[in-house]
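So the chains spell out like this:
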Amino acid sequence: MSDDLLVTRHGPALHVTFNRPAQRNAMTWAMYDGLLAACDTAESDPDLRVVVLRGAGDDAFVAGTDIAQFTDFTDGDDGVAYERKMAAILDRLESVTVPTIAAINGYCVGAGIALAAVCDLRVATTTARFGVPVARTLGNCLSMNTYSLLVHHLGPGRALDMLLRARLLGADEAHSAGFATELCDPAELTGTVDDLVTRLAGHAPLTMWAAKQAVRRLRLATLPDGDDLVRTVFDSHDFHHGVRSFLDKTPPQWTGR
């Protein structure tokens, strides 16, 4: 693994740390590849019973995909390819056979909220913030799979409110919606997660696997295609302008084309 993604073992748990704190742990392609390899590791060792994901530092779990990687996109098909790749990564994490925990401190936005959403349990600190503010930052859109995850966890009303207003949910609101399964003070995050690992490691693996798979299959049973939405938005002037404005740290001027 690279220094940007640290994979360590602590007892029955495999810990995956997104390690770019200066960039709020924004994900690179190499980090995504490392996450897939960690999923394989978790399933290849019968003594590993839980996977824990967390971000390095105090500012963020994951603050999305590194925006610089979007500068090579030329048309809507690039957006479709990206979202298909993201869907495959999320599906791999969602379908891993052992329970997964997202330990969330600070910002959990963009791809970060999607990674957290496919984990089975989410322990968040009171400083955690959740959202996908692309309507005011990049002018892109999400895959149908990611929209499904947000609606599944938050309900359509709260998901649309979050997306259309491009606002971030606080920890209390995420907890009341059922997205954050447990809240704790920042100083207590490691201990709270360790206690949860101990509890899960003592449960019947196949029973937990069946529950995970059942919930996943129910969510995916009615998932429609959405490539037309992704292709249209990623092919737009607004998206390419939004990426450049984000990197240049200038306010975007949206045109709707």
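Attention in this report is confined to the structure presented alongside it. Keep in mind the model is a prediction, meaning the values are calculated, not measured.

Turning next to the pairing of strand E1 (residues 5-10). Inspection of the sheet shows E1 paired to strand E2 (residues 13-18) by six bridges, in the antiparallel sense. Opposite Arg9, over in E2, you have Leu14 as the bridge partner.

Among the nonpolar cores identified, the biggest contains 62 residues, and Phe18, Leu53, Phe61, Ile104, Leu115 and Phe130 are the most heavily contacted of them. Considering each element in turn, this core owes the most residues, seven residues, to helix H3 (residues 111-118). Counting residues in hydrophobic clusters, the runner-up holds 13 residues, among them Ala13, Val50, Cys184 and Val193.

On to the sheet that holds strand E5 (residues 100-104), then. Taken in spatial order, the six strands make up an open sheet running E1-E2-E3-E5-E7-E10, and their pairing is mixed. Single-partner strands in this sheet number two, and they are E1 and strand E10 (182-184). Within the sheet, the average angular offset between the axes of one strand and its neighbour, ignoring direction, is 20°. The pairing of strand E7 (residues 121-125) with E10 spans three bridges and is parallel. Looking at the pairing, Thr125 lines up with Cys184 of E10. Of the strands in this sheet, E2, E5 and E7 are in contact with H3, which crosses E5 at around 140°.

Moving on, we get to the layout of surface pockets. Within this model, the largest pocket holds a volume of roughly 800 Å³. If you trace the largest pocket, you find 35 residues lining it, with Ala63, Gly64, Ile67, Val109 and Phe246 closest to the centre. Of all the elements in the fold, those that place two or more residues in the lining of the largest pocket are helix H2 (76-95), strand E6 (107-109), H3, helix H4 (134-137) and helix H11 (237-248). If one sorts the elements of the lining of the largest pocket by residue count, H2 sits on top with four residues. In terms of residue class, the lining of the largest pocket is made up of 21 nonpolar, eight polar and six charged. As a volume, the second largest pocket reaches approximately 380 Å³. Lining the second largest pocket are 20 residues; nearest its centre among them are Cys119, Asp120, Leu121, Lys212 and Val215. Mapped by element, the contributors of at least two residues to the lining of the second largest pocket are H3, E7, helix H5 (144-154) and helix H9 (205-220). Here the residues of the lining of the second largest pocket sort into 10 nonpolar, four polar and six charged.

Another aspect to go through is the pairing of E5. Counting buried positions over the five residues of E5 gives five, a clear majority of the element. Neither face of E5 is left uncovered, since the one carrying Thr100, Ala102 and Ile104 and the one carrying Ile101 and Ala103 both have all their residues buried. Across four bridges, the pairing between strand E3 (residues 50-55) and E5 is parallel. Residue pairing for E5: Val51 is matched across the bridge by Thr100.

Our focus in this paragraph is H2. Because each turn of an α-helix spans 3.6 residues, side chains separated by three or four positions end up pointing in the same direction. Compared with the 28 Å implied by 1.5 Å per residue over 20 residues, the 28 Å span of H2 between its first and last C-alpha is a close match. Among the residues making up H2, those that are buried are Gly76, Gly79, Val80, Tyr82, Glu83, Met86, Ile89, Leu90, Arg92, Leu93, Glu94 and Ser95. Of the residues flanking the start of H2, the one acting as N-cap is Asp75, its side-chain oxygen 3.1 Å from the backbone nitrogen of Asp77.

Moving on: the sheet that holds strand E8 (residues 129-131). Two orientations exist for strands paired in a sheet by backbone hydrogen bonds: parallel and antiparallel. Ordered in space as E4-E6-E8-E9, the four strands form an open sheet in which the pairing is mixed. In this open sheet, the two edge strands, each paired with only one partner strand, are strand E4 (60-63) and strand E9 (169-170). Here two bridges tie E8 to E9, and the two strands are oriented antiparallel to one another. Along E9, the bridge assignment pairs Arg129 with Gly170.

Here is what the cut-offs are and how they apply
- Residues numbered from 1 in each chain as written.
- Predicted model: local features only at pLDDT ≥ 70, side-chain atom pairs only at ≥ 80, totals over all residues.
- Heavy atoms only, no water.
- Pairing = 2+ DSSP bridges.
- Helix = DSSP H or I, 4+ residues; strand = E, 2+ residues; numbered from the N terminus.
- Core = buried A, V, L, I, M, F, W, Y, C linked by side-chain atoms within 4.5 Å.
- Buried < 20%, exposed > 50% of the residue type's maximum accessible area, 1.4 Å probe, protein only.
- Axes fitted to C-alpha atoms, helices over the stretch in contact; angles between N-to-C directions.
- Contact = heavy atoms within 4.5 Å.
- 1 Å grid on protein atoms, 1.4 Å probe; cavity = no way out; pocket = protein on both sides within 12 Å on 5 of 7 lines; lining within 4 Å.
- Points joined across faces, edges and corners; volume = space filled by probe spheres on them.
- Nonpolar A, V, L, I, M, F, W, Y, C, P; charged D, E, K, R; others polar.
- Expected span 1.5 Å × (residues − 1).
- Polar contact = N/O pair within 3.5 Å; in protein donor to acceptor, adjacent residues only side chain to side chain.

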